[in-house]
Amino acid sequence: MQKTKIAPSTKHGFRHWLLQKISAVALIPLVIWLILSFVNIGLDPQGYLPIFFSYPLNAFMGILFFCFGFYHGSLGLQVIIEDYITNKAKVHFYVMLVNFISITTSVAVCIAILKLHITN
Amino acid sequence: MQPNKAKPTSPHLQIYRWNISSLTSIMHRLTGVALYVALVFMAWGIFYYTYNTSPNNNIHCDCFFTKIVHILFCGAVISSAFCLYYHFCNGIRHLFWDIGKGFELKTAKKTGYLVIFLALLLTIITVSIAVYLKFF
């Protein structure tokens, strides 16, 4: 008779869930702020981005939005990867890949926003 | 024994009958992944426009390929706007569930339809504002 093998608890589920929720709550005002300026940036990014990020509040909220967004996104993608991929080595590889993309991209966008803010 | 191959993967997509709860749940995940990709593109887009040393490069190019790319880009922007609104509304629904409200089957169904309706409505409003600002 073969026993059913249940995946063991990894003991950090609650912390993960809580951080996901905290970043979700933090993203609510940031997304509302973003939507209000979404259309103008999308129509003329080259012209409007420097004007937009020259205001201190916009630069501040922009950096916060991207940092929280990437954090929330990597936590969410980690759950999806753990759900759909069974090979443990592959799970670790993809989670690390997602974290790598998140960190590099958010650093790049922070530098860009700071440059737009300082030089305009 | 091969534990890795024998384990089931959790949310099955093919074997269940579709209803509003499963639809909103799986759409929450799909829009989440789409938003992550959109966020990466947005971030590198800002990076590109910050360090773009020769602006107005191919604005006057009226060739076929540029138009195709432009239409595809507009489609991507509109769909990511829908994804953002949907994920935002459904995320608030999830936060209400986390504090223990709205679990009754009737309420959950109602809010499910409401979320899809709101996301579509907000997308249409955003697109109309963009069209208005661009052409009038």
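Residues numbered from 1 in each chain as written. Chains lettered and ligands numbered in written order. Predicted model: local features only at pLDDT ≥ 70, side-chain atom pairs only at ≥ 80, totals over all residues.

## Concerning the overall build of chain A
Each helix and strand counted, chain A has 4 helices and 0 strands in total. Moving toward the C terminus, one meets the helices and strands of chain A in the order α-α-α-α. Burial status across chain A gives 19% buried among its 120 residues. Partitioning the intrachain contacts of chain A with sequence separation of at least 6 by distance along the chain shows that 72% fall at a separation of at least 24. (Helix = DSSP H or I, 4+ residues; strand = E, 2+ residues; numbered from the N terminus. Buried ≥ 20, exposed ≤ 12 C-beta atoms within 10 Å, placed from the backbone. Contact = placed C-beta atoms within 7 Å.)

## Observations regarding the overall build of chain B
Looking only at helices and strands, chain B has 4 helices and 0 strands in total. Each helix and strand of chain B, placed in order from N terminus to C terminus, yields the pattern α-α-α-α. In chain B, which comprises 136 residues, the proportion classed as buried is 19%. A fraction of 81% describes how many contacts in chain B between residues 6 or more apart in sequence connect residues 24 or more apart.

## Some words on the interface of chain A and chain B
Facing the 34 residues of chain A at the interface are 32 residues of chain B. Elements that contribute at least two residues to the side of chain A that touches chain B include exactly helix H1 (13-43), helix H2 (45-54), helix H3 (56-84) and helix H4 (88-119) of chain A. For the side of chain A that touches chain B, the element with the highest residue contribution is H4 of chain A, accounting for 10 residues. Counted by class, the side of chain A that touches chain B contains 20 nonpolar, 9 polar and 5 charged residues. (Nonpolar A, V, L, I, M, F, W, Y, C, P; charged D, E, K, R; others polar.)

## Overview of the confidence of the model for chain A
Confidence in the prediction for chain A averages 86 pLDDT; 91% of positions are at 70 or higher. The lowest-confidence element of chain A is H1 of chain A, averaging 84 in pLDDT; the highest-confidence one is H4 of chain A, averaging 93. (pLDDT = per-residue confidence, 0-100.)

## Describing the nonpolar core
If you look at the biggest cluster of nonpolar residues, it comprises 28 residues, and the most contacted ones within it are Leu39, Ile46 and Tyr85 of chain B. Elements with a minimum of two residues in this core: H2, H3 and H4 of chain A together with helix H2 (20-51), helix H3 (64-98) and helix H4 (105-135) of chain B. Among all residues touching leucine 39 of chain B, those that are not within four sequence positions of it are Gly69, Phe70 and Gly73 of chain A. (Core = buried A, V, L, I, M, F, W, Y, C linked by C-beta atoms within 7 Å.)

## Observations regarding H4 of chain A
Along its 32 residues, H4 of chain A runs 47 Å from first to last C-alpha, staying within 8% of the 46 Å computed at 1.5 Å per residue. Where H4 of chain A is buried, its residues contact H2 and H3 of chain A together with H2 of chain B. (Expected span 1.5 Å × (residues − 1).)

## Remarks on the packing of H3 of chain A against H2 of chain B
One can describe the packing of H3 of chain A onto H2 of chain B by two numbers: an axis separation of 10 Å at closest approach and a directional angle of 140 degrees. Relative to H2 of chain B, the element H3 of chain A lies oblique. Crossing angle aside, the handedness with which H3 of chain A passes H2 of chain B is left-handed. Counted together, Phe66, Gly69, Phe70, Gly73, Gly76, Leu77 and Ile80 of chain A of H3 of chain A and Arg29, Gly32, Val33, Tyr36, Leu39 and Ala43 of chain B of H2 of chain B form the full contact between these two elements. When the residues that make up the contact of H3 of chain A with H2 of chain B are grouped by side-chain class, the tally is 8 nonpolar, 4 polar and 1 charged. (Axes fitted to C-alpha atoms, helices over the stretch in contact; angles between N-to-C directions. Parallel < 35°, antiparallel > 145°, perpendicular 65-115°, else oblique. Left-handed = near helix turned anticlockwise from the far one by under 90°.)

## Structural notes on the packing of H2 of chain A against H2 of chain B
The geometry of H2 of chain A relative to H2 of chain B is characterised by a closest axis approach of 10 Å and an angle of 90 degrees between their N-to-C directions. Classed by the angle they form, the pair H2 of chain A and H2 of chain B counts as roughly perpendicular. Taken together, the residues of H2 of chain B that come into contact with H2 of chain A (itself represented by Pro45, Gln46 and Leu49 of chain A) are Gly45, Ile46 and Tyr49 of chain B. Per-class residue counts for the contact of H2 of chain A with H2 of chain B are 4 nonpolar, 2 polar and no charged.

## Regarding H3 of chain A
An α-helix turns once every 3.6 residues. As a result, residues three or four positions apart point the same way. The first and last C-alpha atoms of H3 of chain A sit 42 Å apart over 29 residues, in line with the 42 Å expected at 1.5 Å per residue. All buried positions along H3 of chain A are accounted for by Gly62, Phe65, Phe66, Gly69, Phe70, Tyr71, His72, Gly73, Gly76 and Leu77 of chain A. Against the buried residues of H3 of chain A lie H1, H2 and H4 of chain A together with H2 of chain B.

## So, the environment of tyrosine 49 of chain B
Along the chain, tyrosine 49 of chain B falls in helix H2. On the neighbour-count criterion, tyrosine 49 of chain B (18 C-beta atoms within 10 Å) is partly exposed.

## Observations regarding the environment of serine 102 of chain A
Residues and elements named next belong to chain A. With respect to the helices and strands, the residue serine 102 is situated in helix H4. Sequence separation of serine 102 and histidine 72 is 30 residues, and the distance between their C-alpha atoms is 10.0 Å. Ignoring anything within four residues of it in the chain, the contact list for serine 102 reads Phe70, Gly73 and Ser74.

## Remarks on the environment of leucine 114 of chain B
Relative to the helices and strands, leucine 114 of chain B is located in helix H4. Linking leucine 114 of chain B and isoleucine 20 of chain B, residues 94 residues apart in sequence, is a C-alpha distance of 11 Å.

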